[in-house]
Amino acid sequence: MAWRFALMIDPVASDIRRNDFSDTFTVIDPGGAALRVGDLSAQRGDGIFESLGAIDGHVQEVEPHLARLAHSADLCELPTPNLDQWRAAIARVAAEAPAGESVVKLILSRGVEHGPTPTAWITLADAPDSARARTEGVRVTTLDRGYASDVPARAPWLLLGAKTLSYAVNMAAIREAKRRGADDAVFVTSDGFVLEAPTASVVLRFGDRFVTPTPNAGILHGTTQRSLFAHLEQRGFETAYETVPASDLSRADAAWLLSSVRLAAPIAAVDGEAKTVDRALTDELNAYLLSPRD
Ligand code: PLP
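A brief look at the structure comes next. (Residues numbered from 1 in each chain as written. Predicted model: local features only at pLDDT ≥ 70, side-chain atom pairs only at ≥ 80, totals over all residues. Heavy atoms only, no water.)

## Some remarks on the site of the ligand
The ligand sits among 17 residues. The nearest are Tyr 167, Glu 196, Thr 223, Thr 224 and Ser 260. For the ligand, an oxygen atom lies 2.9 Å from a polar atom in the side chain of Arg 68. Within the backbone of Thr 199, an N or O atom sits 3.5 Å from an oxygen atom of the ligand. With the chains in place, 95% of the 390 Å² that the ligand exposes on its own is no longer accessible. Those elements that place two or more of their residues in the shell around the ligand are helix H2 (62-75), helix H7 (223-234) and strand S12 (254-259). (Near = heavy atom within 4 Å. Polar contact = N/O pair within 3.5 Å; in protein donor to acceptor, adjacent residues only side chain to side chain. Areas by Shrake-Rupley, 256 points an atom, 1.4 Å probe, with all protein chains shown as cover. Helix = DSSP H or I, 4+ residues; strand = E, 2+ residues; numbered from the N terminus.)

In structure tokens:
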């Protein structure tokens, strides 16, 4: 990934209103060192993040991402982020974005061990090329997430609805999927229900009805899925949040992995069994997802 630009952010309390936050930003070398060795993001993965897509300098879905950042901070008992400050940081970074697709990443760490404040920074990088995933699709393998569907309610300390920096498990799942000859994974509960992919939401189509697993099942509520559902509803399709049995992945007429940077990647195979890719509909969905969205 080519890093283009980065800012350290001096976090400002959420109740402080200002018109100008520029004195709280420090431009840093995006290829250089920036963190203290004691930072808990590096020591324990103790922090949260958001990845936003940017297209020709327009950052997509800023408000839904900021709302999820605030929600993750709340679940992790981090200080409430000052969203005006983050908006200003996103605008500052967007001004540096080149033509084409980029990734803007917001990171909020608990900070240096025993330190008084969290550490925050924002980066801009070139987006990886997703053309093949968006057209030919991705082969997925289902992987047991290791807990039953009632665990999120029983064990909130697992932080299952928060976008924490602890993605080692998610990355391990993608490696396991590759070992099994697939491109990506879909997590299922130990009692057999679809959750999400390690870095994407799952959406299934049954006729004119689009379904995604209910977000209180211990998954992230995807900004891309929400935006796509609003678009599909406008086009007259029905959408629903449901408990989705793992067998529905094969039974559905079509299925996609949805995320802010790769956008809609059609599922081309499930556990080695080919699935039809609806190329025309997928192209349409990606044309919508590539259009400027707020
Ligand atoms: N689920 C997980 C675990 C993710 O990491 C992501 C995005 O990275 C998503 C779902 C999709 O979220 P979004 O559409 O907001 O990118």
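## Remarks on the packing of aromatic side chains
Applying the stated criterion across every chain, the model contains 4 aromatic pairs. Between the aromatic rings of Phe 210 and Trp 256, the centroid separation amounts to 6.0 Å while the plane-to-plane angle is 25°, which identifies the pairing as stacked. Taken together, the residues Phe 210 in strand S10 (residues 209-213) and Trp 256 in strand S12 connect sequence positions 46 residues apart. Each member of the pair Phe 210 and Trp 256 is classed as buried. With 5.7 Å between their ring centres and 50° between their planes, Phe 229 and Tyr 241 make a pair best called tilted. Of the two residues, Phe 229 is situated in helix H7 and Tyr 241 in strand S11 (residues 238-242); the sequence distance between them amounts to 12 residues. In this structure Tyr 241 comes out as partly exposed when scored by relative accessible area, which is 37%. Ring pairing ties together the aromatic residues Phe 210, Phe 237 and Trp 256, which thus form one cluster. Note that Arg 145 overlies the ring of Phe 187, its terminal NZ or CZ placed 4.9 Å from the centroid. Directly above the aromatic system of Tyr 288 lies the positively charged group of Arg 293, at a separation of 5.8 Å from the ring centroid. (Phe/Tyr/Trp six-rings, centres within 6.5 Å; stacked < 30°, edge-to-face > 60°. Buried < 20%, exposed > 50% of the residue type's maximum accessible area, 1.4 Å probe, protein only. Lys NZ or Arg CZ within 6 Å of the ring centre and 35° of its normal.)

## Thoughts on H2
Counted at 1.5 Å a residue, the expected span for H2 with its 14 residues is 20 Å, and the 20 Å between its end C-alpha atoms agrees. In this structure, the buried residues of H2 make contact with strand S3 (47-55), strand S4 (58-59), helix H3 (83-94), strand S5 (101-109) and H7. Remark: Glu 77 follows H2 within two positions and exhibits a positive phi of approximately 55°. (Expected span 1.5 Å × (residues − 1). Contact = heavy atoms within 4.5 Å.)

## Here's the deal with the environment of Ile 219
In this fold, Ile 219 is placed in the loop between S10 and H7. Along the primary structure Ile 219 and Leu 195 are separated by 24 residues, whereas in three dimensions their C-alpha atoms are 6.3 Å apart. Ignoring any residue separated from it by four or fewer positions in sequence, one finds Ile 219 in contact with Leu 160, Gly 161, Leu 195, Glu 196, Pro 213 and Thr 214.

## Brief notes about the pairing of strand S9 (residues 201-206)
The side chains of a regular strand alternate, residue by residue, between the two faces of the sheet. With 5 of 6 residues buried, S9 is to be regarded as a mostly interior element. Examined bridge by bridge, S9 and S12 share 5 bridges and lie antiparallel to one another. Residue pairing in the sheet places Leu 204 in a bridge with Ala 255 of S12. Note: S9 against S10, 3 bridges, orientation antiparallel. Its bridge partner being in S10, Arg 205 is matched across the sheet by Phe 210. Between S9 and S10, which pair antiparallel one after the other, the connecting turn spans 2 residues, and Gly 207 there sits at a positive phi close to 60°. (Pairing = 2+ DSSP bridges.)

Purely spatial values, then, with no claim about function.
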